[in-house]
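Here are the chains, one letter per residue:
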Amino acid sequence: MGDKFTLSLTILLTGFAVVFAVLLILIGIIKAYGTVVFNIQNKKREKKASRNADLPKVEREEPVQAVAEEPEVDDNELIAVISAAVYSVCSSSKVRIKSIRKSPSRGSAWRSAGLSDNVRPF
């Protein structure tokens, strides 16, 4: 019985040692890969910066940002709808709307999608 116990304990400890050794090797590989990719990206940025530094200010490359075209919306209709909603909620004659601004986004697109999915009626 004692022989089986020591064999089981030896196999268990060997298994733990192998698993942790493999995990440490994987951590090392992932860290090395990350540093290689980081260095490659920095070299590309440095090349672009040095290439732009030689040119006069007018000829330098500027990053192009994609601008999504928004359809034209009649602001008067939007203001009327928003003010009607505020008056219906507050139901007080002392309410005065001074300005209407778009509120900043409070999260990622994933958060918004999750919220809209979870609050949708059945």
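Residues numbered from 1 in each chain as written. Predicted model: local features only at pLDDT ≥ 70, side-chain atom pairs only at ≥ 80, totals over all residues. Heavy atoms only, no water.

1. A short note on the overall build of the chain
Here is step 1: Within the chain, the secondary structure is distributed over three helices and zero strands.
Here is step 2: Of the regular secondary structure in the chain, the N- to C-terminal order runs α-α-α.
Here is step 3: For the chain, the computed accessible surface area is about 12300 Å², with 63% contributed by carbon and sulfur atoms. (Helix = DSSP H or I, 4+ residues; strand = E, 2+ residues; numbered from the N terminus. Areas by Shrake-Rupley, 256 points an atom, 1.4 Å probe, with all protein chains shown as cover.)

2. Some points on helix α2 (residues 75–90)
Here is step 1: Between its first and last C-alpha, α2 extends 22 Å over 16 residues, near the 22 Å set by a 1.5 Å rise per residue.
Here is step 2: A positive backbone phi angle near 45° is found at Ser91, which sits one or two residues after α2. (Expected span 1.5 Å × (residues − 1).)

3. A look at the confidence of the model for the chain
Here is step 1: Scored by pLDDT, the chain has a mean of 80; 77% of the residues are at 70 or more.
Here is step 2: Highest mean pLDDT in the chain belongs to helix α1 (residues 2–54) (89); lowest belongs to α2 (81). (pLDDT = per-residue confidence, 0-100.)

4. Considering the environment of Thr10
Here is step 1: Its location among the elements puts Thr10 in helix α1.
Here is step 2: The partly exposed category is assigned to Thr10, whose relative accessible area is 46%.
Here is step 3: Reaching out from Thr10, the side chain makes a polar contact with the backbone oxygen of Thr6 at a distance of 2.6 Å. (Buried < 20%, exposed > 50% of the residue type's maximum accessible area, 1.4 Å probe, protein only. Polar contact = N/O pair within 3.5 Å; in protein donor to acceptor, adjacent residues only side chain to side chain.)

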